[in-house]
Amino acid sequence: LEEALQISRRIGNRYGEQHELMELGFAHNLQGDYQQAETYLQESLTLARELDLGSHLALCLTYNAYNKIDLNEFDLSSQMLSEVLEIILNTEAKVYVNEALATYARLFYARGLNQSALLLCEFMLHQTALEDITRQVMVEPVYGQLKLAVLEDEYQQTKQQAQSLDIDRALQLVQASV
């Protein structure tokens, strides 16, 4: 990717440069290098806006929002995703909707909105049009974490309910279940 970026810059292909910056940024994010990802993604976003890339801007914003989650910048991520949603809803190009939904699920999970995140993940995993790379890289990792978080939530709720029981209510529960 680095070589492709250099070639795009050398020949003056600004569209190629923008795309390679975005891909490099996302690759660094997936490797856990969020600061380097931020550098590439911000430069990519600046170019995408400058070049007025329309629906491709939605993907660039999505990748930026994805990285913002890892930087604990949830409000910025949310703002970027709102812009993505506006682009998707106001254009015919729905090509990047899955990436946006996966990033929303990730943001919901990061904010503790586990049920909403799980709902989005379940929806996405049952779509036949979901690309394997989006499934493997963006949806399945969050989905695995969510299943554990929801189980923990249910356990904590059950624990709280159990602590509020007295002997009579416990016996009523047993009678109702038999």
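### Looking at the environment of Gly-112
Position of Gly-112 relative to the elements: it lies in the loop between helix 6 (97–110) and helix 7 (114–125). When the C-alpha atoms of Gly-112 and Ala-149 are compared, they prove to be 9.0 Å apart, with 37 residues separating the residues in sequence.

### Remarks on the environment of Leu-47
Relative to the helices and strands, Leu-47 resides in helix 3 (residues 34–50). With ten residues separating them along the chain, Leu-47 and Leu-57 place their C-alpha atoms 9.5 Å apart. Beyond its immediate sequence surroundings of up to four residues, Leu-47 is in contact with Arg-14, Glu-17, Gln-18 and Leu-21.

### Some words on helix 3
An α-helical turn contains 3.6 residues, so a residue and the one three or four places further along point in the same direction. End to end, helix 3 covers 24 Å across 17 residues, agreeing with the expected 24 Å (1.5 Å per residue, within 8%). Listed as buried for helix 3 are Ala-37, Glu-38, Tyr-40, Leu-41, Ser-44, Leu-45, Leu-47 and Ala-48. At its buried positions, helix 3 is contacted by helix 1 (2–11), helix 2 (14–30), helix 4 (55–70) and helix 5 (74–90). Where helix 3 ends, the next residue or the one after it, Asp-52, has phi of about 50 degrees, a positive value.

### Concerning the packing of helix 4 against helix 5
In the contact formed by helix 4 and helix 5, the axes pass within 8 Å of each other and the chain directions differ by 160 degrees. With respect to each other, helix 4 and helix 5 are oriented roughly antiparallel. Seen along the crossing, helix 4 lies across helix 5 with a hand that is left-handed. Facing helix 4, whose interface residues are Ser-55, Leu-57, Ala-58, Leu-61, Thr-62, Asn-64, Ala-65, Lys-68 and Ile-69, helix 5 presents Phe-74, Leu-76, Ser-77, Met-80, Leu-81, Glu-83, Val-84 and Ile-87. Considered class by class, the residues forming the contact of helix 4 with helix 5 number eleven nonpolar, four polar and two charged.

Cut-offs and rules
Residues numbered from 1 in each chain as written. Predicted model: local features only at pLDDT ≥ 70, side-chain atom pairs only at ≥ 80, totals over all residues. Heavy atoms only, no water. Helix = DSSP H or I, 4+ residues; strand = E, 2+ residues; numbered from the N terminus. Contact = heavy atoms within 4.5 Å. Expected span 1.5 Å × (residues − 1). Buried < 20%, exposed > 50% of the residue type's maximum accessible area, 1.4 Å probe, protein only. Axes fitted to C-alpha atoms, helices over the stretch in contact; angles between N-to-C directions. Parallel < 35°, antiparallel > 145°, perpendicular 65-115°, else oblique. Left-handed = near helix turned anticlockwise from the far one by under 90°. Nonpolar A, V, L, I, M, F, W, Y, C, P; charged D, E, K, R; others polar.

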